[in-house]
Amino acid sequence: EVLTGPLAFVEAIWFQSIVGFVIACNAIIIGVETDVPSQHWSRIENTLLVFFVFELLLRVCHHGLGGFLRSFGNLFDVLIVCAGVFDMWLRPV
């Protein structure tokens, strides 16, 4: 089923490519971060987490909560992003 609407771009190849690129960059950053100390890592991690939270919210708004939660891949994404939110934003409190 192909959904239309103002947020249909979340299923477009160009948007998915951007998300994939950001995921790949995040993986590289995690690897570099373990070997190269910097005061900037926290800011970079927070920026990436904001991107991933926003991307998830766009997809939930596009598909609706029920449609979004029908996909195992989406559930996995929610798990990963929630772990990041807990680790970066909730645990320090």
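Structural notes, computed from the coordinates. Note that the structure is a prediction, hence the values are computed from the model and not measured.

Observations concerning the pattern of salt bridges
Thought 1: Evaluated as defined, the whole model comprises three salt bridges.
Thought 2: A salt bridge links R59 to E55; its shortest N-O distance comes to 2.7 Å. Here R59 pairs with E55, and both are found in helix α2 (residues 41-68), just four residues apart, close to one helical turn.

Observations regarding helix α1 (residues 13-35)
Thought 1: The first and last C-alpha atoms of α1 sit 34 Å apart over 23 residues, in line with the 33 Å expected at 1.5 Å per residue.
Thought 2: What α1 keeps buried is the set F15, V19, V22 and I29.
Thought 3: Buried residues along α1 sit against α2.

Concerning α2
Thought 1: Here α2 contains 28 residues, and its C-alpha end-to-end distance of 31 Å is more than 12% below the 40 Å for a straight helix at 1.5 Å per residue.
Thought 2: Maximum bend of α2: about 80 degrees, positioned at H62.
Thought 3: Buried residues of α2: W41, L48, L49, F52, E55, L56, L58, R59, H62 and F68, and no others.
Thought 4: As for α2, its buried residues are in contact with α1 and α3 (72-90).

A closer look at the side chain of N74
Thought 1: Tracing the backbone shows N74 in helix α3.
Thought 2: Within the structure, N74 has its side chain in polar contact with the side chain of R59 (distance 2.6 Å).
Thought 3: Not counting chain neighbours up to four residues away, the residues in contact with N74 comprise R59 and F68.

Some remarks on the nonpolar core
Thought 1: In terms of nonpolar packing, the biggest core is built from ten residues, these being V22, I29, W41, L48, L49, F52, L56, F68, V81 and V85.
Thought 2: Elements with a contribution of two residues or more to this core: α1, α2 and α3.
Thought 3: The contacts of L48, once residues within four sequence positions are left out, are V22, N26 and I29.

With respect to a nonpolar patch on the surface
Thought 1: Taken together, the side chains of V50, F86, W89 and L90 make up a nonpolar region of the molecular surface, amounting to roughly 400 Å² of accessible area.
Thought 2: Take the nonpolar patch: its biggest share by element is three residues, from α3.
Thought 3: Judged by its relative accessible area of 49%, F86 is partly exposed.

Side note on the layout of surface pockets
In this approach a probe as big as a water molecule rolls over the atoms, and the regions it shows empty are the leftover space.
Thought 1: Here the largest pocket defines a volume of roughly 530 Å³.
Thought 2: Lining the largest pocket we find 21 residues, and of these N26, L49, F52, I80 and V81 sit closest to its centre.
Thought 3: For the lining of the largest pocket, the class distribution of residues is twelve nonpolar, three polar and six charged.

What counts, and at which threshold
- Residues numbered from 1 in each chain as written.
- Predicted model: local features only at pLDDT ≥ 70, side-chain atom pairs only at ≥ 80, totals over all residues.
- Heavy atoms only, no water.
- Salt bridge = Lys/Arg side-chain N within 4 Å of Asp/Glu carboxyl O.
- Helix = DSSP H or I, 4+ residues; strand = E, 2+ residues; numbered from the N terminus.
- Expected span 1.5 Å × (residues − 1).
- Buried < 20%, exposed > 50% of the residue type's maximum accessible area, 1.4 Å probe, protein only.
- Contact = heavy atoms within 4.5 Å.
- Bend = angle between axes of the 7 residues up to and from the residue.
- Polar contact = N/O pair within 3.5 Å; in protein donor to acceptor, adjacent residues only side chain to side chain.
- Core = buried A, V, L, I, M, F, W, Y, C linked by side-chain atoms within 4.5 Å.
- Patch = residues over 30% accessible without salt bridge, like charges linked within 9 Å, V, L, I, M, F, W, Y side chains within 5 Å.
- Areas by Shrake-Rupley, 256 points an atom, 1.4 Å probe, with all protein chains shown as cover.
- 1 Å grid on protein atoms, 1.4 Å probe; cavity = no way out; pocket = protein on both sides within 12 Å on 5 of 7 lines; lining within 4 Å.
- Points joined across faces, edges and corners; volume = space filled by probe spheres on them.
- Nonpolar A, V, L, I, M, F, W, Y, C, P; charged D, E, K, R; others polar.

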